[in-house]
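The primary structure of each chain is shown beneath.
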Amino acid sequence: MNLIHWATGIMLAVAALLALARMVAGPTVLNRALANDVLVAVIVCTLGLEAVVTKDTATLPILITVSLLGFVSTVAISRFVAKDADEQVAP
């Protein structure tokens, strides 16, 4: 079982690094927002893996808080982009 935990941790680390690379290289705000969503999902999965490995529920409030923060940031970015797009279309 320890091998599975290590393999999962390595895959999550690779996913986080790829998401960070996309955040840096993303040509548009939407690409960066999507990379941010992926990074938040990876962090949530990592916290879940940590809770499973340690068999401790102390990280669950942190997991819920990070999930809520990711959702609110996605909504804020999408509203900002939609508002910006409306201003560019108007004459």
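Everything quoted here is computed from the prediction, not taken from an experiment.

I would appreciate a short explanation of the overall build of the chain in the present structure.
Scanning the chain from N- to C-terminus turns up 3 helices and 0 strands. Scanning the chain from its N terminus toward the C terminus, one meets helices and strands in the order α-α-α. Taking 12 Å as the expected radius of gyration for a compact globule of 91 residues, we find that the chain reaches 17 Å, considerably beyond that expectation. A principal-axis box enclosing the C-alpha atoms of the chain has dimensions of 60 × 25 × 15 Å. The burial tally for the chain puts 19% of its 91 residues in the buried class. The contacts of the chain with a sequence gap of at least 6 include a subset with a gap of at least 24, amounting to 47%. Accessible area for the chain stands at about 6700 Å²; split by element, carbon and sulfur atoms hold 76% of it. For the chain, the separation between the mean place of its 5 positive charges and that of its 6 negative charges on side chains is 3 Å.

Would you take a moment to explain helix H1 (residues 2-25) for this structure?
Residues three or four positions apart in an α-helix share a direction because the helix packs 3.6 residues into each turn. Over its 24 residues, H1 runs 35 Å from end to end, which matches the ideal 34 Å to within 8%, given 1.5 Å per residue. Looking at the buried residues of H1, the elements they touch are helix H2 (29-54).

Where do I start with the nonpolar core in this structure?
Soluble globular proteins tend to pack their nonpolar side chains together in the buried interior. Counting 6 residues, the largest nonpolar core is built from Leu12, Ala16, Ala19, Leu39, Val42 and Leu49. Among the elements of the structure, H1 and H2 are those that each provide at least two residues to this core. Non-local contacts of alanine 16, meaning those with residues more than four positions away in its chain, are made with Leu39 and Val42.

What counts and how
Residues numbered from 1 in each chain as written. Predicted model: local features only at pLDDT ≥ 70, side-chain atom pairs only at ≥ 80, totals over all residues. Heavy atoms only, no water. Helix = DSSP H or I, 4+ residues; strand = E, 2+ residues; numbered from the N terminus. Rg over C-alpha atoms; globule rule 2.2 N^0.38 Å. Buried < 20%, exposed > 50% of the residue type's maximum accessible area, 1.4 Å probe, protein only. Contact = heavy atoms within 4.5 Å. Areas by Shrake-Rupley, 256 points an atom, 1.4 Å probe, with all protein chains shown as cover. Lys, Arg positive; Asp, Glu negative; His and termini not counted. Charge placed at Lys NZ, Arg CZ, Asp CG, Glu CD. Expected span 1.5 Å × (residues − 1). Core = buried A, V, L, I, M, F, W, Y, C linked by side-chain atoms within 4.5 Å.

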